[in-house]
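Secondary and tertiary structure notes
The residues making up each chain are set out below.
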Amino acid sequence: MPLNETLARADADLAAGRVPMARQRLRGLVSSFPADLEPRRRLGEVYRLYGEPAEAGRWMYLEQDRDPAETLAFERRYATAEQRMRALAWSGPESLARSAFAQEQLAAVRAACSDDALGAPADWDTLPSDEGTETKVSALPGYVGGTVFVLVILVFLAIWVNGLVALFD
């Protein structure tokens, strides 16, 4: 569906009070048109309606007239440059942004990510997945829980067998 038609449908959804539907449409537009700032701005406005300043700040981050409190909430939620780079969901070079401010913001986030997280130049399209950076969960709690479960079953069976033996004696 074309960008303008989907934006019009999102506007109609908002006018009819279907805010979740408008949000869904706008999220799809940001995914389909990552370099277009208009769906991002509108998505930020929808999150403002929800009262979610971090998400509003996320989608308004490339706008010069953004709310400083929302920007701060976004930067706190996505504390590292790498997290911000992922959260912005940009694709392609910064030069695709239609405003100088957006280009500067994108370049600053990419440069910070290159310096802090990767130690090498970062690229919007080849940022490594964050699957390898997740905290490893220990298998010990699962092992202990399984062992306790087996012991409880064995104790139950021992009591049951003891009861059967006592019944026939």
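Sequence order as written defines the numbering, with residues in each chain counted from 1. pLDDT decides what is reported in this predicted model: residues at 70 or higher carry local features, side-chain atom pairs at 80 or more are listed and counted, and totals for whole chains, interfaces and linings draw on all residues regardless. The side-chain values count all of the structure's non-hydrogen atoms but skip hydrogen atoms and water molecules.

1. Examining the side chain of threonine 6
Every helix listed is a DSSP run of H or I at least four residues long, and every strand listed is a run of E at least two residues long, numbered separately from the N terminus. Positionally, threonine 6 belongs in helix α1 (residues 3–15). By the convention used here, residues are in contact when the closest approach between their heavy atoms is within 4.5 Å. Sequence-distant contacts of threonine 6, defined by excluding residues within four places in its chain, comprise Met1, Arg25 and Leu29.

2. With respect to the packing of α1 against helix α3 (residues 37–50)
As a packed pair, α1 and α3 sit with axes 11 Å apart at the nearest point and diverge in direction by 15°. The pairing of α1 with α3 is recorded here as roughly parallel in orientation. The handedness of the crossing between α1 and α3 is left-handed. Residues Leu3, Leu7, Asp11 and Leu14 of α1 form the contact with α3, whose own contacting residues are Glu38, Pro39, Arg42, Val46 and Leu49. Note on geometry: axes are lines fitted to C-alpha atoms, helical ones only across the stretch in contact, with angles between N-to-C directions running from 0 to 180 degrees. Reported orientations rely on four angle classes, namely roughly parallel under 35 degrees, roughly antiparallel over 145, roughly perpendicular from 65 to 115, and oblique for the rest. Left-handed describes a crossing in which the near helix is turned anticlockwise from the far one by less than a right angle; the clockwise case is right-handed.

3. Structural notes on helix α2 (residues 19–32)
Working rule for helices: expected span equals 1.5 Å times residues minus one. Between its first and last C-alpha atoms α2 spans 20 Å; for 14 residues at 1.5 Å apiece the expected length is 20 Å, and the two agree. Against α1, α3 and α4 (53–60) lie the buried residues of α2.

4. As for the packing of aromatic side chains
Planes of paired rings set the category: under 30 degrees apart is stacked, over 60 is edge-to-face and the rest tilted, where pairs are Phe, Tyr or Trp rings (Trp by its six-membered ring) whose centres lie within 6.5 Å. According to the stated counting rule, one finds 3 aromatic pairs in the structure shown. Seen from their ring centres, tyrosine 47 and tyrosine 50 are 6.2 Å apart, and the 40° between their planes marks the pair as tilted. Remark: tyrosine 50 and tyrosine 47 occur in helix α3; sequence separation between them is 3 residues, near one turn of the helix. Relative accessible area decides the class of each residue, using a 1.4 Å probe on protein chains only: under 20% of the type maximum gives buried, over 50% gives exposed, and in between gives partly exposed. Residue tyrosine 47 is classed as buried on the basis of its relative accessible area, which comes to 5%. In this structure, arginine 66 packs its charged tip against the face of tyrosine 61, placed 4.8 Å from the ring centre. Lysine NZ or arginine CZ positioned within 6 Å of the ring centre and within 35 degrees of the ring normal marks a charge as sitting over the ring.

5. Structural notes on α4
Most of α4 is tucked away, with 7 of its 8 residues classed as buried. Of all the positions in α4, only Ala54, Glu55, Ala56, Gly57, Arg58, Trp59 and Met60 are classed as buried. The elements touched by buried residues of α4 are α2, α3, α5 (68–77) and α6 (81–88).

6. What to know about the nonpolar core
Put simply, a nonpolar core is a bunch of buried Ala, Val, Leu, Ile, Met, Phe, Trp, Tyr and Cys residues held in one set by side-chain atoms that sit within 4.5 Å of each other. Residues Leu62, Leu88, Trp90, Leu106 and Trp124 are the most contacted members of the largest nonpolar core, which totals 18 residues. For this core, the secondary structure elements donating two or more residues are α6 and α7 (100–118). What tryptophan 90 contacts, discounting residues up to four positions off in sequence, is Pro34, Ala35, Leu37, Arg40, Leu62, Leu96, Ala97, Leu106 and Trp124. If you look at the next biggest cluster of nonpolar residues, it comprises 13 residues, including Leu7, Leu29, Tyr47 and Ala56.

7. Thoughts on the pattern of salt bridges
The salt bridge definition used is simple: a Lys or Arg side-chain nitrogen within 4 Å of an Asp or Glu carboxyl oxygen. Tallying each qualifying case throughout the model produces 14 salt bridges. Put simply, arginine 41 and aspartate 65 hold a salt bridge, and the shortest N to O gap is 2.6 Å. Of this pair, arginine 41 sits in helix α3 while aspartate 65 is found in the loop between α4 and α5, placing the two residues 24 residues apart along the sequence. Look at arginine 41 and you get buried, because its relative accessible area is 18%. Classification of aspartate 65 as exposed rests on a relative accessible area of 52%. Several salt bridges converge on common partners, so that one network encompasses Arg41, Glu45, Glu63 and Asp65.

8. With respect to the confidence of the model for the protein chain
The predictor reports its confidence for every residue as pLDDT, a score running from 0 up to 100. Averaged over all residues, the pLDDT of the protein chain equals 86, while 88% of them reach at least 70. Contacts from residues 131–136, a stretch scored under 50 in pLDDT, to residues over four places away or in other chains number 0 contacts.

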